[in-house]
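Architecture and fold: a report
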Amino acid sequence: MKKLTLVALSAIFLTACVSKKKYLALEQEKGEIKSELTKTRVEKEELEKKFAIIEARVQNYNLKINNLTEEVGELTEENKTKFDAVGNKAVISEQSKIGMRKTLSKVDPEVMKYVTTLEDSMNLALSLNLKKFVDESEIDESDDISINIDETVVMISISDKMLFNTASYRINNKANKVLKKVADVIKSEPSLNVMIEGHTDSRTINTDKIQDNWDLSVLRATSVVRALQKDYGVPPEQLIAAGRSSYQPLTDNDSKENRARNRRTRIVILPNIDKFFALMASSETLEANDM
């Protein structure tokens, strides 16, 4: 019986020792797990901070990309309206060049062989279109009216006897028919600017109302401008009045006939190049839609 008791006590003691060892081992493992968990939490927080920084950078880069995309779009539009110099006469934008190419695509290839520069192209395209406007105006050329097309400019020269009495800047009734036709040309094409130039012969003039030929030439130009605006409805923003006095004669002032030639009013039709080709493009689009 004594032996049995000893064996039992030994078993209980050994069991208690083993449990304590396991307990300590488990406690140690628990501590390690807690330590790992804390470390993982810290690493997670650090990763979240890094992720937030990266996300902010990505948003910043996306914003920059969007801004750059907008800038590229603006630059593309800007390039369309960017002007290139054409000789020493004018400037032309990319949009106008597109309109010009459309116009020239209809020109005889034999004619196009002689067009080698941007200036040549612009002059040909404008001349063709301006000639069309003048041809449709039904202004008849005569000894008193002449029409010339010089590259990008159309010039209609009208003798003073068709418009004014001698040494006067008041428009006479004979001018009505020709001024109406001129007004029709101007109003048919909103892209045109029109300069009215007064020219005199070399004989001097001095009256109560007219000091000299400068006065007379300017007063005649403004009289025509006013008539075109008030009597024939030409928009005033398309009109320019200028006086040239006697300093651009067609011929020498050495005879009655020659002086009569030099006394004239010149109507200079100047296209606003960009507006001109934009309107040409619009008109082509409308024609295509009608078809």
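My aim in this report is to walk through the structure given alongside it, one point at a time. Being a predicted model, the structure only gives us computed values, none of them experimental. (Residues numbered from 1 in each chain as written. Predicted model: local features only at pLDDT ≥ 70, side-chain atom pairs only at ≥ 80, totals over all residues. Heavy atoms only, no water.)

If you tally the helices and strands in the protein chain, you get nine helices and seven strands. Counting contacts in the protein chain only where the partners sit at least 6 residues apart, residues at least 24 apart contribute 64% of the total. (Helix = DSSP H or I, 4+ residues; strand = E, 2+ residues; numbered from the N terminus. Contact = heavy atoms within 4.5 Å.)

Right, let's talk about a negative patch on the surface for a bit. Judged by side-chain charge, Glu29, Glu32, Glu36, Glu43, Glu45 and Glu46 come together as a negatively charged surface patch. Within the fold, Glu46 resides in helix α1 (residues 2-80). (Patch = residues over 30% accessible without salt bridge, like charges linked within 9 Å, V, L, I, M, F, W, Y side chains within 5 Å. Areas by Shrake-Rupley, 256 points an atom, 1.4 Å probe, with all protein chains shown as cover. Salt bridge = Lys/Arg side-chain N within 4 Å of Asp/Glu carboxyl O. Lys, Arg positive; Asp, Glu negative; His and termini not counted. Charge placed at Lys NZ, Arg CZ, Asp CG, Glu CD.)

Using the criterion set out here, one finds one aromatic pair in the structure. Judged by centre distance (5.5 Å) and plane angle (35°), the rings of Trp214 and Tyr247 are tilted. Taken together, the residues Trp214 in helix α7 (residues 213-231) and Tyr247 in the loop between β6 (239-243) and α8 (256-262) connect sequence positions 33 residues apart. (Phe/Tyr/Trp six-rings, centres within 6.5 Å; stacked < 30°, edge-to-face > 60°.)

Our next topic: unusual backbone geometry. Positive phi values are uncommon outside glycine, yet Ala167 reaches one of about 60°. Examined against the element boundaries, Ala167 turns out to sit in the loop between α5 (160-163) and α6 (175-188). Phi at Ser245 is positive, roughly 55°, even though this residue is not glycine. Relative to the helices and strands, Ser245 is located in the loop between β6 and α8. For Ser245, a relative accessible area of 2% translates into the label buried. (Buried < 20%, exposed > 50% of the residue type's maximum accessible area, 1.4 Å probe, protein only.)

Once that is clear, we can look at the nonpolar core. In this structure, Ile156, Ile158, Leu163, Leu179, Ile196 and Leu228 are the most contacted members of the largest nonpolar core, which totals 28 residues. Among the elements of the structure, β3 (145-150), β4 (153-159), α5, α6, β5 (192-199), α7 and β7 (264-271) are those that each provide at least two residues to this core. For this core, the leading source of residues is α6, giving seven residues. If we skip the residues at most four places from it in the chain, Ile196 touches Ala221, Val224, Val225, Leu228, Ile240, Ala241, Ala242, Thr265, Arg266 and Ile267. (Core = buried A, V, L, I, M, F, W, Y, C linked by side-chain atoms within 4.5 Å.)

Further remarks concern the pattern of salt bridges. Counting across every chain of the model gives nine salt bridges. A salt bridge links Glu48 to Lys44, with the nearest nitrogen and oxygen atoms 3.4 Å apart. Here Lys44 and Glu48 lie together in helix α1, a separation of four residues that amounts to about one turn. Of the charged contacts, one joins Asp160 and Arg220 as a salt bridge, the two residues approaching to 3.8 Å between their closest N and O atoms. Of the two residues, Asp160 sits in helix α5 while Arg220 sits in helix α7, which places them 60 residues apart along the sequence.

By secondary structure assignment, the location of Asp201 is in the loop between β5 and α7. For Asp201, the side chain forms a polar contact with the side chain of Arg263, separated by 2.8 Å. Ignoring anything within four residues of it in the chain, the contact list for Asp201 reads Asn213, Ser246, Asn253, Arg259, Asn262 and Arg263. (Polar contact = N/O pair within 3.5 Å; in protein donor to acceptor, adjacent residues only side chain to side chain.)

Function-wise, these values are silent; they only describe arrangement.
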